Amino acid sequence: MAMAVGIGEGNSVAGGGSLSDLYQNSRRLLLKSRDGLERLERFEYTSSSSSSSIPSSSSSTAIVDPSEQSFDAVRKEIAQIQSLCSEMELLWRSIPAKSQRDLWKRKVEQVAEEADSLKTSLDKYNLRHQRRMQEARERAELIGRANGDSSHVLRIFDDEAQAMQSARRSSRMMEETLATGVAILSKYSEQRDRLKRAQRKALDVLNTLGLSNSVMRLIEKRNRADRWIKYAGMVLTIVILIFIWRWTR
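All values reported here derive from a predicted model rather than from experimental measurement.

Student: Talk me through the UniProt feature "transmembrane region" (unreviewed entry) in the chain; I want residue IDs and the actual numbers.
Tutor: Look at the UniProt record and you will see "transmembrane region" (unreviewed entry) annotated at residues 228-247. Across residues 228-247, the secondary structure splits into 100% helix and 0% strand, with the terminal C-alpha atoms separated by 28 Å.

Student: Go over the packing of aromatic side chains with me, naming the residues and quoting the values.
Tutor: A complete count under the given rule lists three aromatic pairs for this structure. Relative to Trp-104, the ring of Tyr-23 has its centre 5.6 Å away and its plane inclined at 80 degrees; by these criteria the two rings are edge-to-face. Placement of the pair is Tyr-23 in helix H2 (residues 19-49) and Trp-104 in helix H4 (residues 98-145), with a sequence separation of 81 residues. Note on Tyr-23: relative accessible area 12%, which makes it buried. Ring geometry for Phe-243 against Trp-247: centres 6.3 Å apart, planes inclined by 25 degrees, an arrangement best described as stacked. In this pair, Phe-243 and Trp-247 both sit in helix H5 (residues 150-248), four residues apart, roughly one turn of the helix. For the pair Phe-243 and Trp-247, a shared accessibility class is recorded, and that class is exposed. Seen from the ring of Trp-104, Lys-107 lies directly overhead, with NZ or CZ sitting 4.6 Å from the centre.

Student: Before we move on, could you go through the nonpolar core and cite the residues and values that matter?
Tutor: Counting 23 residues, the largest nonpolar core has Ile-81, Met-88 and Leu-122 as its most contacted members. Of all the secondary-structure elements, those providing two or more residues to this core are H2, helix H3 (67-92) and H4. Among the elements that make up this core, the one with the highest residue count is H3 (eight residues). When near neighbours in sequence (up to four residues on either side) are disregarded, Ile-81 contacts Ser-26, Leu-29, Leu-30, Ser-33, Val-111 and Ala-115.

Student: Go over a nonpolar patch on the surface with me, naming the residues and quoting the values.
Tutor: Taken together, Leu-236, Ile-240, Phe-243, Ile-244 and Trp-247 make up a surface patch of nonpolar side chains, about 600 Å² in accessible area. With respect to the element layout, Ile-240 can be found in helix H5.

Student: Please set out the pattern of salt bridges residue by residue, giving values where relevant.
Tutor: Oppositely charged side chains can form a pair if their charged atoms are brought close together. As enumerated under the stated definition, the model contains seven salt bridges in all. Ionic pairing is found between Arg-27 and Glu-114, a salt bridge with its closest N-O pair at 3.1 Å. Remark: Glu-114 occurs in helix H4 and Arg-27 occurs in helix H2; sequence separation between them is 87 residues. Close ionic contact of Glu-77 with Lys-32 constitutes a salt bridge, the shortest N to O distance being 3.8 Å. Taken together, the residues span a long stretch of sequence, with Glu-77 in helix H3 and Lys-32 in helix H2 at a distance of 45 residues.

Definitions and limits used
All chains use their own residue numbering, which begins from 1 and follows the written sequence. For a predicted model such as this one, the threshold for reporting local features is a pLDDT of at least 70, and the threshold for listing and counting side-chain atom pairs is 80 or more; totals across whole chains, interfaces and linings nevertheless cover every residue. Working from all heavy atoms in the structure, the side-chain values ignore hydrogens and water. UniProt positions are given in the numbering used here, feature names are shortened, and annotations may be inferred rather than shown by experiment. Runs of E in the DSSP output that reach at least two residues are strands. Runs of H or I that reach at least four are helices, and both are numbered from the N terminus. Stacked, tilted and edge-to-face are the three classes assigned to paired rings of Phe, Tyr and Trp, where Trp is represented by its six-membered ring and a pair needs centres within 6.5 Å; plane angles under 30 degrees give stacked, over 60 edge-to-face, the rest tilted. Only protein chains enter the accessibility calculation, which uses a 1.4 Å probe; a residue is then buried when its area is under 20% of its type maximum, exposed when over 50%, and partly exposed in between. The criterion for a charge sitting over a ring is simple: Lys NZ or Arg CZ within 6 Å of the ring centre, and within 35 degrees of the ring normal. Joining through side-chain atoms within 4.5 Å is the link that ties buried Ala, Val, Leu, Ile, Met, Phe, Trp, Tyr and Cys residues into a set, and such a set is a nonpolar core. What makes two residues a contact is simply this: any of their non-hydrogen atoms within 4.5 Å. Patch construction takes residues with relative accessible area above 30% that form no salt bridge. Like charges are linked within 9 Å, and nonpolar side chains (Val, Leu, Ile, Met, Phe, Trp, Tyr) are linked within 5 Å. Using the Shrake-Rupley algorithm and a 1.4 Å probe, accessible areas are obtained, with residue cover drawn only from the displayed protein chains. Just to be clear on terms, a salt bridge is a Lys or Arg side-chain nitrogen sitting within 4 Å of an Asp or Glu carboxyl oxygen.

Structure representation (structure tokens):
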């Protein structure tokens, strides 16, 4: 019932609402679909932990999963969000002011990215759900065909369920390890950039010192030349004075 009301509100807004109304409605749908996806994942976890308690039966029965209705509701909400994003894209492109247009562009792109992320998570959940339901049907069929050995078969499937849970835990640990490795590589990349900047600054300092040394050598050469010119002038002056003194005598 709540799903029908949400869809009705979205359609009425999409029919004649403003860009702000469409954006607010898409944000509400995002929150609602995110909550629905979290409920599906919690149901998946509880159903996985209790998968070993499937009753045995001699005839195959249809397995009814209450999460299918929630899955359909979340899928419709995500589809509606994507439809709203298409309508909002048409509206923000017609805004004359560039600053407002860029602002709404970022908002709509953010909503579209969140909707795509939710859709990806929902598709992954659907794959896991279909695989889990197929395994449950196969277990039910095997248990139904087991004449007198049901307890042995149940123990086998208990071991299988525990192995699957262990595999899931290992998969989560691998994902966490991969995330840690990515973070470490990112830190190494930042350190490499800082070292490169420090190297460039050191080279600049060395180039400046090299220029200063060449200037100092040039000054020293000029000082030596000035000193020789001074001494030569003094000697020449003394010689001229001696010559004048002798000439006057």
